[in-house]
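# Residue-level structural notes
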Amino acid sequence: MMTQFALEEQAKHLQTLYNNAEIEINGAIKIVNLTSSREGSKVRFFIDVPANVVGRITKRLIKSASGQVVWSDPPGKINIDKPDTDLRFEIPIEAIWREGAAT
């Protein structure tokens, strides 16, 4: 079993892996601000969409520094009409240990 220390180290690595965010709004991809916070083995990523970005959000993506998608909504899962106000999405991810048998 992984110790709490090891899980927290994994969470630190996860926090550095996630680098930037994009949303699909009105059928176009737009780069938006990504921030994060960490408490123990739990990391919270925040996607901030400014007030001047208005329309229907159909996808959220988080990418690594190399441009690889490391998190996204499942296809068809999100459909949000965003008005002309600031909007913040919170995406919580927790490093956990799951025991399993190798086959």
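Residues numbered from 1 in each chain as written. Predicted model: local features only at pLDDT ≥ 70, side-chain atom pairs only at ≥ 80, totals over all residues. Heavy atoms only, no water.

### Details of the nonpolar core
For soluble globular proteins, the rule of thumb is that nonpolar side chains tend to be buried together. Membership of the largest hydrophobic core comes to 20 residues, with the highest contact counts inside it found for Y18, I23, F45, I47 and I62. Breaking this core down by element, the ones donating at least two residues are α1 (4-17), β1 (20-25), β2 (28-39), β3 (42-49), β4 (55-63) and β7 (87-94). When residues in this core are grouped by element, the largest group, four residues, is from β3. Look past the residues within four positions of I47 in its chain and what remains in contact with it is A21, I23, V32, N33, L34, R60, I62, L87, R88, F89 and I91. (Core = buried A, V, L, I, M, F, W, Y, C linked by side-chain atoms within 4.5 Å. Buried < 20%, exposed > 50% of the residue type's maximum accessible area, 1.4 Å probe, protein only. Helix = DSSP H or I, 4+ residues; strand = E, 2+ residues; numbered from the N terminus. Contact = heavy atoms within 4.5 Å.)

### Structural notes on α1
In this model α1 runs 20 Å from its N-terminal to its C-terminal C-alpha over 14 residues, within 8% of the 20 Å that 1.5 Å per residue would give. For α1, the complete set of buried residues consists of L7, A11 and L14. An end-on view of α1 places all buried positions within 60° of arc, on one side of the element. Exposed residues pointing more than 90 degrees away from the buried face of α1 are listed as F5, H13 and T16. Looking at the buried side of α1, the elements it contacts are β2, β3 and β7. (Expected span 1.5 Å × (residues − 1). Arc of directions from axis to C-beta.)

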